Amino acid sequence: MASESPINTSTASPRLRRVSQTSHDLDSDIGGVQFATYTVQIPSTPDNNPMSASMEYSTSQRVEDQFVSSSLFTGGYNCVTQAQLKEKVIESQTSHHPQMTGAKGSFCAVPGCDAKVVTDERGLDIVPCECDYKICMDCFRDAVRNGDHMCPGCKEPYRELDVTEYAVHNRKQYQQQMSKTERRMSLMKSTKVMGRQSSEFDHNKWLFETKGSYGYGNAIWPKVDVEGSQDGIGGDPMVFHDKQWRPLTRKLNISAAILSPYRLLIFIRMVVLGLFLQWRIRNPNEDAVWLWAMSVVCEVWFAISWLLDQLPKLCPVNRITNLDVLKEKFETPSLSNPTGKSDLPGIDIFVSTADPEKEPPLVTANTILSILAADYPVEKLACYVSDDGGALLTFEAMAEAASFANLWVPFCRKHNIEPRNPESYFSLKRDPYKNKVRQDFVRDRRRVKREYDEYKVRINGLPDSIRRRSDAYNARDEMKAMKLGRAIGNDEAVDKIKIPKATWMADGTHWPGTWAFPAPEHSRGDHASIMQVMLKPPSDEPLKGTTVDSNSMDLSEVDIRLPMLVYVSREKRPGYDHNKKAGAMNALVRASAVMSNGPFILNLDCDHYIYNSQALREGMCFMMDRGGDRISYVQFPQRFEGIDPSDRYANHNTVFFDVNMRALDGIQGPVYVGTGCLFRRTALYGFDPPRVKDRNGCCCGGRNKKSKSSVVSDSDSQTIELGDCDDDNEMNAIIPKRFGNSSFLVESIQVAEFQGRPLADHPSLKNGRPPGALTFPRELLDASTVAEAISVISCWYEDKTEWGQRIGWIYGSVTEDVVTGYRMHNRGWRSVYCVTKRDAFRGTAPINLTDRLHQVLRWATGSVEIFFSRNNALFASSKMKFLQRIAYLNVGMYPFTSFFLIVYCFLPALSLISGQFIVQTLNITFLVYLLGITVTLILLAVLEIKWSGIELEEWWRNEQFWLIGGTSAHLAAVLQGLLKVIAGIEISFTLTSKSGGDDIDDEFVDLYIFKWTSLMIPPITIMMTNLIGIAIAVCRTVYSVIPQWSKLLGGVFFSFWVLAHLYPFAKGLMGRRGKTPTIVFVWSGLTAITISLLWVAISPPSGTNQIGGSFQFP
């Protein structure tokens, strides 16, 4: 058999041999080749006796880990990194999880020692003697070193280590001498060369001498009967077919019955628009050339804008995942993974918040709870919370969330709760007991609901609690200072004593971040780096719970471990540009690389929680599938809660998320929209994808040719390939200059790249990793690791590096998300759009008109910045597909449509007031073209609704708000962008408020709140001008000698078209009770009347000097 077809062998582990046999005479869906794979179990031999990877951690490692997880680390520029041991971080006396900060063992029983005893994963004391005498690590060392190995309690000697334990002890000592990075690199290198044993060992001799059996498995071996003769063939040949390689994802193309007519209609409408514009240019209105010229210019721009928006929609696709295959490959016991331990790569989840007053801590805390309860291997998850405001309120809210997770997360795992945000779950209007078969569900739910209500009260009461505590400590310090002044007899100094009003933590120490009353080194823009491990890394093996009493939940079958949770507040100092959210994200990238180094990163806004607990697995299906090593990120759609049923201001934005993003998924991938995105860490590091190619096509990919160099001509796109990194000298010379001077960070890059590779479980996977490579336990934290993390989030670290320029989130735009995704696509990376059956994430959106306009203003401002920067798609590299370039070009150009849109919205009113129209007469040619353009637009909308699954009302709401935003926020964005480019004036925007209104009885109370903004002036003026124009035109036509009904109908039709689009805006001005603020009448009345009367006075109708022709106002 081996002579007829090549046999490829690859080693899955030191004890397992995987054999793949190629058959060229059969057809297959994968490259025309069918593969049969079987695995053979190889017993231990003298040359194949690997060291056990899962060893118990030493006591010293446990002490170090316990100290790190119970300390608050601070540091920064010209500051010494300090670790302050915290007995407690919150005032509440709730039960703490063993992993939570401040949860320690009992006090040491040695007289005069106040240290704590080392604890295990359950929080139980570890005692070295059978008499259970509690002793801390330092006292134990003293007893061993100076006390003749005698226990201070029972006066008996400690048990001596036997030979085996001594060997293990020496091996642990050797590992402790190695740095964490060296252990990671050695693990990666040993996995790469796994199975390449020396060929000097004689297996045949060993088998003969020991009469050993050389292997067993699912291969076809000769049968050996009792007498020893071989008779027949053993094994089932169908095993080959049952074990065939299966993909994790599938791409579902849109039905040709829908997509073909859709593409045909796009082509027909392009032809009709071309013919219409040609006819308009050749047939000017001689009576009103100015009106005709303005309309033609606007129509030409609208055609170009429509083309830029429509062309990227030619290739829409749908994708589905197979979670069963993911579980089978990575979490099912097999010969390469006998214990069934998860082989999935790690994920670091980033949550960003900036201001607890505008982003309620309860919302952020519930987002954290949904992350901690996600359905993903606990030891592979790490959550980092970035508090860019450095507020103690956010810190203690995170500590409360970590405390409540002790109850909430096991409850979710035990009863399979969805969603795993407690606020959303307890607010569900469906039957919570449906499909719940466990008899104790009702009791457990009632207890958790009671605890959650208390948890909410504690978090909502944190501002007052912190204020009262700080006032008490500040008053105490003032009294001490006054007593000290009186003691030295300086009464004048006593009256002048002013103690800084500090913000105090629960353990009676100063908060190192922002104080309620700002002081030097304690303000929003001036404070040290802060890092606190709220939940230390979990144990490697599952930890089952227990039942304490009848009122507690039975957790005997539930894993009670929690993912690692870290609070991070980067250093801020005056004179440094901290780059807002992008700078905070880059700080988390560096800190997480040092501490956990997950090869994948998921970023979420503080108000976007995990709605589908298996969303992480869905995204990982794409990353771990064949070709997944070329995917830079997996973008999930944004779904929102709390939107009014009519979706007045198109807050759901379904046309963008369900139409445009699905269409981009068929080209090179969707754009990055700022949240709900799963990144590949090495793609954020600015490296090229493997097998990168240049593209010389004009459609969905075109013809490809291999890149001659991995360095792009554009200086902003210069990258290096991160493959096997054969040239270590080149890597060592280039990478530190780009990433900074942290050796921890630089050495973690190759480890993250290797761990992020798909499994090499198929011969077609050229850049995979062997199965079982990620089943090793995670290293415990130590003080040096956290100190290094403090260093990389300091304000000076990015100086003279490429962070924010080519690496990480890109700086220089308020829409850093779009620019970051553009840079990845420009290097040749792909992205994927993952639409899950159950929404992956859900968040909140501003339903108030003013907040919504300011949100759109921010997006449009970022687009204008992109257009005037080197990130303009006109300068994209040849690695980006043509239609993808068109899509990014449209992102930068769409705000400029506002100029033409505002002019076009005024044209109907000007036409009605002047008595002229954009065409000479409403002839049949004009009407036919107009009908063709309208009909093709409607048919395209119908087909888009068909293949995307959106509703007609959602499409119409999107059209309405396109005009509302285009006449208000987009215009302001263009003006601000031009001011920044020409005059250098920086742009500032208001953070969208996520707080509720005063009326708690109305779920949509924010919808009726009216807050005046100058963005409302253009739409109000357009509405009033069109209404006045309709009134004047109707009066003129009715009272004229020869009524010109055609011009009236044309003008009135277009005016009603404008007013219909502005109807939601007008409804928003009315508020709840139909009361319009006085400022609206003042601005709209003055502006509209001034424009209308000024125009009529300057250019009155021909043949008369009276306003309105023969009609006279009484």
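Residues numbered from 1 in each chain as written. Predicted model: local features only at pLDDT ≥ 70, side-chain atom pairs only at ≥ 80, totals over all residues. Heavy atoms only, no water.

A closer look at the overall build of the protein chain
Right, on to step 1. Check the secondary structure of the protein chain and you find 33 helices and 23 strands.
Right, on to step 2. Contacts spanning at least 24 positions in sequence make up 76% of the contacts within the protein chain whose residues lie at least 6 apart.
Right, on to step 3. Working note: accessible area of the protein chain is about 50,900 Å², and carbon and sulfur atoms make up 56% of it. (Helix = DSSP H or I, 4+ residues; strand = E, 2+ residues; numbered from the N terminus. Contact = heavy atoms within 4.5 Å. Areas by Shrake-Rupley, 256 points an atom, 1.4 Å probe, with all protein chains shown as cover.)

Quick notes on the packing of helix H10 (residues 361-372) against helix H11 (residues 392-415)
Right, on to step 1. Direction vectors running N to C along H10 and H11 enclose 40°, while the axes themselves pass 8 Å from each other. In this view, H10 runs oblique relative to H11, as classed from their interaxial angle. By crossing handedness, the relation of H10 to H11 is classed as right-handed. Packed against H10, whose contacting residues are Pro361, Thr364, Ala365, Ile368, Leu369 and Leu372, the element H11 presents Leu393, Ala397, Met398, Ala401, Phe404, Ala405, Trp408, Val409 and Arg413 at the interface. (Axes fitted to C-alpha atoms, helices over the stretch in contact; angles between N-to-C directions. Parallel < 35°, antiparallel > 145°, perpendicular 65-115°, else oblique. Left-handed = near helix turned anticlockwise from the far one by under 90°.)

Here's the deal with a nonpolar patch on the surface
Right, on to step 1. On the surface, a cluster of nonpolar side chains totalling about 440 Å² of accessible area is made up of Leu264, Phe267, Ile268, Val271 and Leu275.
Right, on to step 2. Residue position: Phe267 is located in helix H7 (residues 256-282).
Right, on to step 3. Overall, the relative accessible area of 53% leaves Phe267 in the exposed class. (Patch = residues over 30% accessible without salt bridge, like charges linked within 9 Å, V, L, I, M, F, W, Y side chains within 5 Å. Salt bridge = Lys/Arg side-chain N within 4 Å of Asp/Glu carboxyl O. Buried < 20%, exposed > 50% of the residue type's maximum accessible area, 1.4 Å probe, protein only.)

Section: the sheet that holds strand E13 (residues 529-535)
Backbone-to-backbone hydrogen bonds pair the strands of a sheet. The strands run either parallel or antiparallel.
Right, on to step 1. With mixed pairing, the 10 strands of this open sheet are ordered in space as E5-E4-E13-E14-E12-E11-E15-E19-E17-E22. Two strands in the sheet have a free side with no partner beyond their single neighbour: strand E5 (79-85) and strand E22 (830-833). This sheet shows a mean twist of 20° between the axes of neighbouring strands, independent of strand direction.
Right, on to step 2. Both strand E4 (residues 71-76) and E13 contribute to a ladder of 4 bridges, which runs antiparallel. Pairing of Gly75 across the sheet is with Ser529, part of E13.
Right, on to step 3. Strands strand E11 (347-353), strand E12 (381-387), strand E15 (600-605), strand E17 (631-635), strand E19 (677-680) and E22 of the sheet are contacted by helix H17 (residues 615-624), whose axis makes an angle of about 155° with E17. (Pairing = 2+ DSSP bridges.)

What to know about the nonpolar core
Inside soluble globular proteins, nonpolar side chains tend to come together where they are buried.
Right, on to step 1. Ranked by internal contacts, the top residues of the largest apolar core, which has 148 residues, are Tyr384, Met531, Met595, Phe679, Tyr685 and Phe739.
Right, on to step 2. The element contributing the most residues to this core is H7, with 10 residues.
Right, on to step 3. Grouped together as the second largest cluster of nonpolar side chains are 87 residues, Leu72, Val325, Ala502 and Phe622 included. (Core = buried A, V, L, I, M, F, W, Y, C linked by side-chain atoms within 4.5 Å.)

Things to note about the environment of Gly642
Right, on to step 1. Structurally, Gly642 is set in the loop between strand E18 (639-641) and helix H18 (654-665).
Right, on to step 2. Distance in space between the C-alpha atoms of Gly642 and Ile847 is 8.2 Å, their sequence separation being 205 residues.

Here we look at the pairing of E17
Right, on to step 1. Of all the 5 residues making up E17, 5 are buried; the element is thus mostly covered by neighbouring parts of the structure.
Right, on to step 2. Pairing of E17 with E22 involves 4 bridges; the strand directions are parallel. Paired with Ile631 across the bridge in E22 is Arg830.
Right, on to step 3. Examined bridge by bridge, E17 and E19 share 3 bridges and lie antiparallel to one another. Residue pairing across strands places Tyr633 opposite Phe679, the latter belonging to E19.

Quick look at the pattern of salt bridges
Right, on to step 1. Following the criterion strictly, the structure yields 38 salt bridges and no others.
Right, on to step 2. Close ionic contact of Arg246 with Glu328 constitutes a salt bridge, the shortest N to O distance being 2.7 Å. Of this pair, Arg246 sits in the loop between helix H6 (239-242) and strand E9 (249-253) while Glu328 sits in helix H9 (residues 323-330), and the two are 82 residues apart along the sequence.
Right, on to step 3. Residues Glu802 and Arg806 are paired through a salt bridge, measuring 3.3 Å at the closest nitrogen-oxygen approach.
Right, on to step 4. For Glu802, a relative accessible area of 16% puts it in the buried group.

A closer look at the packing of aromatic side chains
Right, on to step 1. Here the structure, examined in full by the defined rule, presents 43 aromatic pairs.
Right, on to step 2. Centroid distance Phe395 to Trp511: 5.1 Å. Interplanar angle 50°. Geometry classified as tilted. Of this pair, Phe395 sits in helix H11 while Trp511 sits in the loop between helix H15 (491-495) and E13, and the two are 116 residues apart along the sequence.
Right, on to step 3. Among the residues examined, Trp511 registers a relative accessible area of 0% and is labelled buried.
Right, on to step 4. Geometrically, the ring pair formed by Phe404 and Trp408 is stacked, given 6.4 Å between the ring centres and 15° between the ring planes. (Phe/Tyr/Trp six-rings, centres within 6.5 Å; stacked < 30°, edge-to-face > 60°.)

Looking at the packing of helix H8 (residues 289-310) against helix H26 (residues 897-914)
Right, on to step 1. Contact pair H8 / H26: the axes reach a minimum separation of 9 Å and the direction vectors enclose 145°. Here the hand of the crossing between H8 and H26 comes out left-handed. Counting all contacts with H8, which are made through Trp290, Leu291, Met294, Ser295, Val297, Cys298, Glu299, Trp301, Phe302 and Ser305, the residues of H26 involved are Thr897, Phe900, Leu901, Val903, Tyr904, Leu907, Leu910, Ser911 and Ser914.
Right, on to step 2. Across the contact of H8 with H26, the residue classes break down as 13 nonpolar, 5 polar and 1 charged. (Nonpolar A, V, L, I, M, F, W, Y, C, P; charged D, E, K, R; others polar.)

Points about the sheet that holds strand E16 (residues 609-610)
Right, on to step 1. Across the sheet, which stays open at both edges, the 3 strands sit in the order E16-E23-E18 with mixed pairing between neighbours. Of all strands in the sheet, those bounded by a partner on one side alone are E16 and E18.
Right, on to step 2. In terms of strand pairing, E16 meets strand E23 (residues 841-844) through 2 bridges, oriented antiparallel. Pairing of Tyr609 across the sheet is with Arg842, part of E23.

A few points about unusual backbone geometry
Right, on to step 1. Here the bond from Glu418 into Pro419 is cis, since omega is -10°, no more than 30 degrees from zero.
Right, on to step 2. With respect to the element layout, Pro419 can be found in the loop between H11 and helix H12 (422-426).
Right, on to step 3. Positive phi, close to 65°, is recorded for Glu521, a residue that is not glycine.
Right, on to step 4. With respect to the element layout, Glu521 can be found in the loop between H15 and E13.

Overview of H9
Right, on to step 1. Turning to H9, its buried residues number three or more, namely Val325, Leu326 and Phe330. Down the axis, H9 shows its buried residues gathered within 110° of arc, on one side only.
Right, on to step 2. Where H9 is buried, its residues touch H17.
Right, on to step 3. Capping of H9 at its N-terminal end is provided by Asn322; its side-chain oxygen lies 3.2 Å from the backbone amide nitrogen of Asp324. (Arc of directions from axis to C-beta. Polar contact = N/O pair within 3.5 Å; in protein donor to acceptor, adjacent residues only side chain to side chain.)

Structural notes on the side chain of His527
Right, on to step 1. If you trace the backbone, His527 turns up in the loop between H15 and E13.
Right, on to step 2. If we skip the residues at most four places from it in the chain, His527 touches Gly390, Pro512, Gly513, Thr514, Glu521, Ser569, Arg570, Glu571, Lys572 and Arg573.

Some details on the state of the cysteines
Right, on to step 1. Scanning the model with the defined rule gives 0 disulfides in all.
Right, on to step 2. Its sulfur unpaired, Cys131 is 3.5 Å from the next cysteine sulfur, which belongs to Cys129. (Disulfide = S-S within 2.5 Å.)

Remarks on the environment of Lys329
Right, on to step 1. As for its placement among the helices and strands, Lys329 is situated in helix H9.
Right, on to step 2. Lys329 sits 83 residues away from Arg246 along the chain, and the two C-alpha atoms are 9.5 Å apart.
Right, on to step 3. Not counting chain neighbours up to four residues away, the residues in contact with Lys329 comprise Trp245, Arg246, Leu248, Leu759 and Asp761.
Right, on to step 4. Here the side chain of Lys329 touches Arg246 through a polar contact of 3.0 Å, landing on its backbone oxygen.

Description of the pairing of E13
Strand residues, when the strand is regular, have side chains that alternate between the two faces of the sheet.
Right, on to step 1. Here E13 lies mainly inside the structure; 7 of its 7 residues are buried.
Right, on to step 2. Alignment of E13 against strand E14 (residues 564-569), held across 5 bridges, turns out to be antiparallel. Each residue of the ladder has a partner; that of Gln532, found in E14, is Tyr567.

Some remarks on the environment of Phe441
Right, on to step 1. Along the chain, the position of Phe441 falls in helix H13 (residues 441-460).
Right, on to step 2. Remark: the alpha-carbon pair of Phe441 and Lys414, spanning 27 residues in sequence, is separated by 9.1 Å.
Right, on to step 3. Setting aside chain neighbours within four positions, we find Phe441 in contact with Phe411, His415, Ile417, Tyr425, Pro432, Tyr433 and Lys436.

Section: the confidence of the model for the protein chain
The predicted coordinates ought not to be read in detail in places where the model reports low pLDDT.
Right, on to step 1. Of all residues in the protein chain, 73% attain a pLDDT of 70 or more, and the chain-wide mean is 78.
Right, on to step 2. A low-confidence stretch, residues 722-726 (pLDDT under 50), is modelled with 13 contacts involving residues beyond four sequence positions or located in other chains.
Right, on to step 3. Note that pLDDT drops below 50 for residues 1106-1114; the model gives that stretch 13 contacts with residues more than four away or on any other chain. (pLDDT = per-residue confidence, 0-100.)

Quick notes on the side chain of Lys414
Right, on to step 1. Turning to its location among the elements, Lys414 is positioned in helix H11.
Right, on to step 2. Accessibility expressed as a relative area gives 9% for Lys414, which makes it buried.
Right, on to step 3. At a separation of 2.6 Å, a polar atom in the side chain of Lys414 contacts the side chain of Asp440.
Right, on to step 4. Apart from residues no more than four positions distant in its own chain, Lys414 is found in contact with Arg438, Asp440, Asp444, Asp554, Leu555 and Val558.

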